[in-house]
Amino acid sequence: MTEYRWLLPAVLHGDLVGERSPTRRSARDWGVDIVVFVVAALMGLAAALAMHPVSSLPPAVVLADQVVGAAACALLWLRRRWPVGLALVMVPAALASGTASGAVAVALFTVAVHRPFRTVAVVTGLHIAVLAPQLWWRPDPEVSFWGAMAFSVLSYLLLVMWGMFVRARRQLVLSLRERAERAEVEAELRVERARHLERERIAREMHDVLAHRLSLLSVHAGALEYRPDIPRDDLVRTAGVIRTGAHQALQDLREVIGVLRLGGEETTPDRPQPTLADLEGLVEESRTAGMEVTLDMRVAEPGRAPAALGRNVYRITQEGLTNARKHATAARVDVTVRGGPGDGLTVEIGNPTTAGQAIPGSGTGLIGLTERAELVGGRLAYGVDDRGRFRLNAWLPWAA
């Protein structure tokens, strides 16, 4: 619509603020003002010509009438800046000059368009109040006083109603445009928020997956560094584990980067997501890395757990094992999973707080786990108990 803005009044493309009239005309406004000025001047000229043959007034009074009418037409160029002031000035002009009738009508119409009803009512009442002395001062020989009075009042009311209709239509257009712009902005914000939430989810998945993979690689590489004399078979097996872990980490990273390049539009991973039944494999990976992990699975049929629930339990356990590997490498880690449909699933991970191998971390893993649990309606708590063991406890809902 930008190329058609010149067809709109300034009030519809940003020059009107609140109830103030625009001080800068659009191309359409200039055209309308020129037409209005010409029409008012022609109406004044017609009134002067009609009054001339029957007027019994002195020539000086007739000249003054015409001068006032011309001045009233010239003042119409100020109607957008000071509509009420102009209409009030037109009250004595209407009383003093019959040729100012066109300018008076335009001023009254302008007030009806640009000002609220209370102001319009006051200004219209003043103009109606001067109709009686005006018609008495310059009576129409062909129409009775009361007939002329009724016709003039009806004309003013119709003119004001027309102006109020124009004002209501403009306000409707403005409100519809503002509503459309607001809806567009809200839609953009919703899209941006959805993208932001999706990126947060991807980043959380990347942390959960890569932190586990890389911590395993660090443990195996540390074993090679501190035990250069290990048997060849163990060396080959450890190197194979490192190679496999690095390949899996690269594959996970490639999937996450691919999703980010698509702007979050494609979020379905190529490989199946882990489930509750995959906890045995996760624990076995940690055992292969040299950790002492016990898994107490108290779920009757892990394979029947919902996919989202199993994935969240898997990620929580994965992060708990990663933290234990960072801070208590040689200590025993106890993992307990219990619950069922209707009761929810509880995950408990405990390990001593003795310092282990120094593996750097981001410090946001537990915060991410808390957010993950809360997003699905669960809860997560962690800390050191009375026996000096670090415990991670999470509960996730499982619908019956």
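The numbering scheme is per chain: residues are counted from 1 as the chain's sequence reads. Selection of residues for local features in this predicted model requires a pLDDT of at least 70, selection of side-chain atom pairs for listing and counting requires 80 or more, and totals for whole chains, interfaces and linings are taken over all residues. Side-chain measures here rest on the full set of heavy atoms in the structure, leaving out hydrogens and waters.

## Points about the nonpolar core
- To define a nonpolar core, start from buried Ala, Val, Leu, Ile, Met, Phe, Trp, Tyr and Cys residues and group those joined through side-chain atoms within 4.5 Å. Throughout this description, buried means an accessible area under 20% of the type-specific maximum (1.4 Å probe, protein chains only), exposed means over 50%, and partly exposed covers the range between. Formed by 31 residues in total, the largest nonpolar core has its most connected members in L76, M90, A103, V104 and L108.
- Helix numbering and strand numbering both begin at the N terminus, where a helix is a DSSP run of H or I of at least 4 residues and a strand a DSSP run of E of at least 2. Elements with a minimum of two residues in this core: helix 1 (27-51), helix 2 (59-75), helix 3 (83-96), helix 4 (101-114), helix 5 (117-129), helix 6 (131-137) and helix 7 (145-226).
- With 10 residues, helix 4 is the single largest residue contributor to this core.
- Judged by nonpolar contacts, the second largest core, of 29 residues, contains L295, V347, L380 and W398.

## Quick notes on empty space enclosed by the protein
- Cavities and pockets were defined on a 1 Å grid built over protein atoms only: a cavity is a set of grid points that admits a 1.4 Å probe from which the probe cannot escape, a pocket is an open set flanked by protein on both sides within 12 Å along at least five of seven lines, and lining residues are those with an atom within 4 Å of any such point. Grid points are joined across faces, edges and corners, and a volume is the space filled by probe spheres set on the points. Under the defined criterion, the tally for this structure stands at 1 cavity of 30 Å³ or more.
- What the largest cavity holds in volume is close to 40 Å³.
- Taken together, G320, N323, A324, I349, N351, F390 and L392 make up the lining of the largest cavity.
- Taken together, the elements giving at least two residues each to the lining of the largest cavity come down to helix 10 (307-327), strand 3 (344-352) and strand 5 (389-396).
- Per-element tally for the lining of the largest cavity: the top contributor is helix 10, with 3 residues.

## Regarding the pattern of salt bridges
- By definition here, a salt bridge exists when the distance from a side-chain nitrogen of Lys or Arg to a carboxyl oxygen of Asp or Glu is within 4 Å. By the definition in use, this model includes 9 salt bridges.
- Linking D334 and R389 is a salt bridge whose minimum nitrogen-to-oxygen distance equals 3.2 Å. Here D334 is found in strand 2 (residues 332-340), whereas its partner R389 is found in strand 5, with 55 residues between them in sequence.
- By relative accessible area, which is 24% here, D334 ends up partly exposed.
- Residue R338 pairs with E348 through a salt bridge whose shortest N-O separation is 3.1 Å. With R338 in strand 2 and E348 in strand 3, this residue pair connects regions lying 10 residues apart in the sequence.
- Residue E348 is classed as buried on the basis of its relative accessible area, which comes to 17%.
- Residues joined in a network through salt bridges with shared partners are R338, E348, D385 and R391.

## Some remarks on the packing of helix 9 (residues 279-288) against helix 10
- Angles here are taken between N-to-C directions and fall from 0 to 180 degrees, while the axes themselves are lines fitted to C-alpha atoms, restricted in helices to the stretch in contact. Closest axis-to-axis distance for the helix 9/helix 10 pair is 10 Å, and the angle between their directions is 10 degrees. As judged from the angle between their axes, helix 9 and helix 10 are roughly parallel. Note on element contacts: helix 10 touches helix 9 through V313, Y314, T317, Q318, L321 and R325, opposite L279, L282 and S286.
- When residue character is reported, Ala, Val, Leu, Ile, Met, Phe, Trp, Tyr, Cys and Pro are called nonpolar, Asp, Glu, Lys and Arg charged, and the others, Gly included, polar. Split into classes, the residues belonging to the contact of helix 9 with helix 10 amount to 5 nonpolar, 3 polar and 1 charged. If an angle is under 35 degrees, it is roughly parallel; if it is over 145, roughly antiparallel; if it lies from 65 to 115, roughly perpendicular; otherwise it is oblique. The contact criterion used throughout is that any non-hydrogen atoms of two residues lie within 4.5 Å.

## Focus on the environment of W136
- In this structure, W136 sits in helix 6.
- Under the relative-accessibility criterion, W136 is labelled exposed at 65%.
- Along the chain, W136 and M149 lie 13 residues apart, while their C-alpha atoms are 9.9 Å from each other.

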